[in-house]
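Here is how the chains run, residue by residue.
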Amino acid sequence: MLQAQQILHDRYQLIQLLGQVLGRQTWQAVDLHHTPPVPVIVKVMAFAEQSNWEPIKLFEREAKVLQHLQHPHIPHYQDFFSIEDHVFYFVMVQEFIAGTTLKDLLNQGHRFSQEQLDQIATEVLEILIYLHELHPPVFHRDIKPSNLIWGEDQHVYLIDFGAVQDKAATEGVTFTVVGTYGYAPIEQFGGRTVPSSDLYALGATLIHLATGVSPAHLPQKQLCIQFADKTKLSANRVKWLEKLTAPDMARRFSNARDALGSLEMIQESSEYSLTVPQHLRLSQPDTNQSSVNGKNPVIATVVINVIGLGSVVWLVFYPTSFPITPPPIKEGTSSVQELETPLPSPNVSPSPERVHGCRALIYPGSVLFNIHTWSDNPTVVWRYLLQVKTVSGNKWSGTFGDGLPVYGTIDDSQFTMKRDTWNQEWSGTCSDDDITGTMSSPVASPTGKFSFQRTN
Ligand SMILES: Nc1ncnc2c1ncn2[C@@H]1O[C@H](COP(=O)(O)OP(=O)(O)O)[C@@H](O)[C@H]1O
Ligand SMILES: [Mg+2]
């Protein structure tokens, strides 16, 4: 693997690794062709044998799109080349933005004032107006705190065009689903992106900044993020954010211009001057997290929230003929800590009679949590939640974490499950505490082992 101090292409010296996921790395580096050397960002993508082409296509698209963008608050593209260093790498070089990501600011305990939120909203909307009004429009598709930098010049920058889409997806062909759970709107799970998909992600990001709680951890009611009681924002702004994050696209602002116009009207309205002065609202201790955890939200919310533990980035590929469904969630080993996070206890009572085997696990209301390591890639963990709705005789039915139906059979020791999505067939055997077995799908995934554990 590449190392600090290494010089690529006789020009770019790697200084510090800033992030890595699934064969991709982002490095802080310097361009030695300048005196003194100029800081740059170097993103590399390893091209392993049998590599899936999709991430490589996305990487090339990121470079291609960035090359054509010209906005003061988007890093400038500088270079693209390939190198061989045991492995073959594609390398992209872009302008380094001096500043701190909003995610790092959140992690440092920074609480954002209404004025700061207004500035972030305005500046990101201005960037989105630019991107969405290009021909063809450019959709970022992964707006979230770690992809926004609060620059040293006090402006907000949008980075990471690794999920970008620059033309409409063609119906009926394989498409790529990208985004981050908690920030991506529901339509993006189905591979569909519209201008307001980026607006939703901006809204979810602003909610995170305003509450200090990741949107994936906030309760939801009919897919609407419940955040109002955890902020000190004016009522108008809460309504504005609710409209930005409406799960139904028809109820969302339809474009960035409208959203910005509406925010400007709120700022001008008299209510603005009646809000609590900024100095009274800064640096308040964050009590939100504990109140969320203590609340025991309804099952549907638990399912959604548990899946969203942490900021999970997913990236899967499947054909458009499938119904809209969130894909399985894929994580690197870095998720170990998250897996240790206690799960919220669902609001259901376990089966009253003493039962063993599958029936101890599969009864109406039970929720199972699955951690699964694929045999072909031991570093990848997939997580699912399974909620059982009905059991009748040896038949049961329920929903998967994505809300879509699953059904199957149980007896004392055998468990089967079918999921029409991706044509998956699961079968396993039970102990009183878990179900383990294998899953196969002719469509999207290789055969793999699974293990469901009880959460309640
Ligand atoms: N142009 C840039 N200027 C400054 N920092 C950057 C820039 N691009 C990326 N970074 C830093 O590197 C991190 C990872 O880069 P990013 O492009 O978001 O890749 P990915 O999320 O795909 O790993 C960012 O969260 C940010 O901290
Ligand atoms: Mg990123």
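Below is a summary of the structure that appears in this document. (Residues numbered from 1 in each chain as written. Chains lettered and ligands numbered in written order. Predicted model: local features only at pLDDT ≥ 70, side-chain atom pairs only at ≥ 80, totals over all residues.)

## Looking at the site of ligand 1
What counts, and what does not: Using a C-beta atom placed from the backbone, a residue is described as near a molecule or strand when that atom lies within 6 Å of it. Each helix is a run of DSSP H or I of at least 4 residues and each strand a run of E of at least 2, with the numbering of both proceeding from the N terminus. Only Asp, Glu, Lys and Arg are considered charged, only Ala, Val, Leu, Ile, Met, Phe, Trp, Tyr, Cys and Pro nonpolar, and every remaining residue, Gly among them, polar. In this entry, domain limits derive from an automatic or database-based domain assignment.
Taken together, 18 residues are adjacent to ligand 1, and Leu-18, Gly-19, Pro-75, Ile-97 and Asp-160 come closest. Residue assignment for the shell around ligand 1 shows that the elements contributing at least two residues are β2 (12-21), β3 (24-31) and β6 (87-95). If you tally residues by element for the shell around ligand 1, the top one is β2, at three residues. When the residues that make up the shell around ligand 1 are grouped by side-chain class, the tally is eight nonpolar, seven polar and three charged. Counting the residues that make up the shell around ligand 1, at least three belong to each of domain 1 (7-95) and domain 2 (99-168 + 179-270).

## Some details on the pairing of β2
As a reminder of what qualifies: Here, strands pair whenever DSSP counts at least two bridges between them.
Pairing geometry for strand β1 (residues 7-8) and β2, over two bridges, is antiparallel. Bridging from a neighbouring strand, Leu-8 pairs with Tyr-12 of β2. Relative to β3, β2 is paired through eight bridges, and the arrangement is antiparallel. Bridged to Gln-16 within β3 is Gln-28. Connecting β2 to the antiparallel partner β3 that follows it, the hairpin turn spans two residues, and Leu-22 within it adopts a positive phi of roughly 40 degrees.

## Quick word on helix α1 (residues 53-68)
Because an α-helix completes one turn every 3.6 residues, residues spaced three or four positions apart along the sequence face the same direction. Just so we agree on the cut-off: By definition here, a helix of n residues has an expected span of 1.5 Å times n minus one. Exposure classes come from backbone-placed C-beta atoms, where a residue is buried if 20 or more other C-beta atoms lie within 10 Å of its own, exposed if 12 or fewer do, and partly exposed in between. This arc corresponds to the set of directions leading from the helix axis out to the C-beta atoms.
For α1, built from 16 residues, the straight-helix expectation of 22 Å at 1.5 Å per residue is met to within 8% by its first-to-last C-alpha distance of 23 Å. All of the buried residues in α1 are Pro-55, Phe-59, Glu-62, Ala-63 and Leu-66. Down the axis, α1 shows its buried residues gathered within 90 degrees of arc, on one side only. Those residues of α1 that are exposed and angled more than 90 degrees off the buried face are Trp-53, Lys-57 and His-68.

## A short note on the pairing of strand β18 (residues 405-410)
Of the pairings in the sheet, the one linking strand β17 (residues 395-400) to β18 comprises five bridges and is antiparallel in character. Along β18, the bridge assignment pairs Ser-397 with Tyr-407. Bridge count for β18 against strand β19 (residues 414-419) is four bridges, and the pairing is antiparallel. Paired with Tyr-407 across the two strands is Lys-418, which belongs to β19. Linking two consecutive strands that pair antiparallel, namely β18 and β19, is a turn of three residues.

## Observations concerning unusual backbone geometry
Note the cis peptide between Thr-35 and Pro-36, where omega equals -10 degrees. Backbone torsion omega between His-135 and Pro-136 reads -5 degrees, so that peptide bond is classified as cis. With respect to the element layout, Pro-136 can be found in the loop between α3 (114-132) and β8 (148-151). Despite not being glycine, His-86 shows a phi value in the positive range, around 65 degrees. Following the sequence through the fold, His-86 ends up in the loop between β5 (77-85) and β6. Here the phi dihedral of Leu-223 falls at roughly 70 degrees; this positive angle occurs in a residue that is not glycine. Under the C-beta neighbour-count criterion, Leu-223 is labelled partly exposed, with 15 such atoms within 10 Å.

## Description of the sheet that holds strand β7 (residues 99-101)
As a reminder, the rule being used: Note on geometry: axes are C-alpha line fits, over the in-contact stretch for helices, and angles between N-to-C directions span 0 to 180 degrees.
One open sheet holds the three strands; their spatial order is β7-β8-β9, and the pairing between them is antiparallel. Single-partner strands in this sheet number two, and they are β7 and β9 (156-158). Strand after strand, the sheet turns through a mean of 30 degrees between neighbouring axes, direction not considered. Judged from the three bridges that link them, β7 and β8 form a sheet pairing that is antiparallel.

Keep in mind that these numbers describe shape and distance, not what the molecule does.
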